[in-house]
Structure formats: structure tokens, C-alpha cells
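Summary of structural features
Listed below are the residues making up each chain.
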Amino acid sequence: MTRPFANAQVERVFDAFNDAARPGLMALRDLILDTAASDNRVGEIEEALRWGQPAYLTPVTKSGTTIRIAAHKSAPFALFVHCQTTLMSDYKAAFPGQDRTAGKRAVLFDNPSEIDPMRHGWLISRALTYHL
């Protein structure tokens with residue numbers, strides 16, 4: 001289910017993504033918002049722009065670290081977490097060899113069908129609760 005955008009700037013960025021990236025980024029957006037809604041510890045999600053990319057923050061509870069989604073130079077789209085956390089190393093240990101990644105920063109996708117709600121939801125959940 002696609003939710004309306006509360007932030008017009010974020011909506012314009014999504015509209016500007018190319019056809020290869022937009023469906024996957026919309027699917028990741030839905031997964032982030034669904035994951036946040038399923039955990040009472042997360043609280044309200046703010047959808048904003050960081051470095052010109054859609055970003056998801058927990059401003060009320062401050063439970064999580066920022067998640068970003070955007071195109072990537074090595075893939076049509078990617079899910080980014082803060083590179084100075086243990087999130088990507090924990091993710092790679094939990095799901096070895098199951099995704100293409102970019103260092104400590106991102107999971108890379110070529111197609112929306114590669115998004116696994118269980119596996120990628122696991123990473124998103126940990127990012128949204130990283131500070132708890």
C-alpha cells in the first residue's frame with residue numbers, strides 16, 4: 001500500500017527517480033513505514049531529505065539511526081544505514097552472502113523482487129531501534 005507523502009520535497013525527489021529505481025524505492029519506503037508501525041518503541045517516523053535523499057528518522061523517541069534510500073552508482077537502488085554503526089556487519093553475519101552490499105553502508109538492489117520483507121525488515125528494525 002502506498003502512503004501519501006507528508007513532505008512535498010520528498011515526494012518531488014521520488015517523482016524524479018528513474019523508472020528503474022522508483023518502484024523499488026517505493027517498496028523500500030513501504031517496508032520502512034510498515035516496520036516502524038509494527039514496533040511501538042519506534043514512535044513517529046519523520047520522512048525528510050538528507051544529502052538530497054529520502055531519509056527516515058525517529059525524532060520523538062530517538063530510538064533509531066537514520067535510514068536512507070536512493071539510487072546507487074552500482075545498482076538501480078539501495079537501502080543505506082549509517083556507516084559508523086554495526087548494522088551492516090551484524091546484517092552480513094546474520095544473512096551471509098544473501099545480498100550485494102556496499103561496504104558498511106548499503107544493501108544494493110537490481111529489482112524490487114529482491115526485497116525480502118523478513119530479511120530486509122530485520123535490518124530496518126534494527127536501524128529504527130539502534131539506540132535502545
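Please read these numbers as outputs of a predicted model, since none were measured by experiment.

Thresholds applied
All chains use their own residue numbering, which begins from 1 and follows the written sequence. Given that the model is predicted, a residue must reach a pLDDT of at least 70 before its local features are reported, and side-chain atom pairs must reach 80 or more before they are shown or counted; all residues, however, enter totals for whole chains, interfaces and linings. Water and hydrogen atoms were dropped before computing side-chain values, which therefore reflect all heavy atoms in the structure. Any residue under 20% of the maximum accessible area for its type is buried, any over 50% is exposed, and the rest in between are partly exposed; the area is computed with a 1.4 Å probe on protein chains only. Starting at the N terminus, helices and strands are each numbered in turn, a helix being any DSSP run of H or I of at least four residues and a strand any DSSP run of E of at least two. Taken from the helix axis, the directions to the C-beta atoms give the arc we talk about. Between N or O atoms, a polar contact is any pair within 3.5 Å; within protein, one atom must be a potential hydrogen donor and the other a potential acceptor, and residues adjacent in sequence are included only when both atoms are from side chains. Axis lines are fitted through C-alpha atoms, for helices just across the contact stretch, and the angle between N-to-C directions can take any value from 0 to 180 degrees. Here roughly perpendicular refers to angles of 65 to 115 degrees, roughly parallel to angles under 35, roughly antiparallel to angles over 145, and oblique to all remaining angles. Take the far helix as your reference; a near helix turned counterclockwise from it by less than a right angle gives a left-handed crossing, and one turned clockwise gives a right-handed crossing. Here, two residues are considered to be in contact whenever any of their heavy atoms come within 4.5 Å of each other. Working rule for helices: expected span equals 1.5 Å times residues minus one. Whether two strands pair depends on DSSP finding at least two bridges between them. In this analysis, rings of Phe, Tyr and Trp, with Trp reduced to its six-membered ring, are considered paired at centre separations within 6.5 Å, and the interplanar angle assigns stacked below 30 degrees, edge-to-face beyond 60, and tilted for intermediate values. Geometrically, a lysine NZ or arginine CZ counts as sitting over a ring once it is within 6 Å of the ring centre and also within 35 degrees of the ring normal.

Because an α-helix completes one turn every 3.6 residues, residues spaced three or four positions apart along the sequence face the same direction. Those residues of helix α1 (residues 8-16) that sit buried are V10, V13 and F14. One face of α1 carries all of its buried residues, which in axial projection span an arc of 100 degrees. Of the residues in α1, the exposed ones pointing more than 90 degrees away from the buried face are R12, D15 and A16. Between the side-chain oxygen at the start of α1 and the backbone nitrogen of Q9 there is a gap of 2.8 Å, and the oxygen is on N7.

A few words now on the packing of helix α3 (residues 87-94) against helix α4 (residues 117-128). Where α3 meets α4, the axes come as close as 10 Å, and the angle between the chain directions of the two elements is 150 degrees. One element, α3, and the other, α4, form an angle in the roughly antiparallel class. Seen along the crossing, α3 lies across α4 with a hand that is right-handed. Across the interface between the two elements, L87, M88, D90, Y91 and A94 of α3 pack against R119, H120, W122, L123, R126 and A127 of α4.

An ideal rise of 1.5 Å per residue puts 22 Å on 16 residues; helix α2 (residues 22-37) measures up with 22 Å between its terminal C-alpha atoms. Considered for burial, the residues of α2 that qualify are G24, L25, M26, L28, R29, D30, L31, I32, L33, T35 and A36.

Bringing the side chain of T129 into the picture now. By secondary structure assignment, the location of T129 is in the segment after α4. Here T129 falls in the buried class, since its relative accessible area comes to 12%. Among residues more than four places away in sequence, those in contact with T129 are D39, R41, V42, S63 and G64.

What follows is about the pairing of strand β3 (residues 67-72). In terms of burial, β3 is largely enclosed, as 5 of its 6 residues are buried. Relative to β3, strand β2 (residues 53-57) runs antiparallel, the two being bridged by 2 bridges. Residue pairing in the sheet places A55 in a bridge with R68 of β3. Across 5 bridges, the pairing between β3 and strand β4 (residues 75-81) is antiparallel. Looking at β4, one finds that I67 is bridged to V81.

This part takes up the packing of aromatic side chains. Aromatic ring pairs: the centre-centre distance and the angle between the two ring planes describe each pair. With the rule as written, the count across this model stands at 6 aromatic pairs. Relative to F109, the ring of F77 lies with its centre 5.2 Å away and its plane at 10 degrees, an arrangement referred to as stacked. Residue F77 is found in strand β4, and its partner F109 is found in strand β6 (residues 106-109); the two are separated by 32 residues along the sequence. For F77, a relative accessible area of 0% gives the class buried. Seen in terms of ring centroids, Y91 and F95 are 5.3 Å apart; in terms of plane orientation they differ by 45 degrees. Their pairing is tilted. A relative accessible area of 12% means that F95 is categorised as buried. One Lys or Arg, R29, reaches over the ring of F5 and ends 3.8 Å from the middle of that ring.

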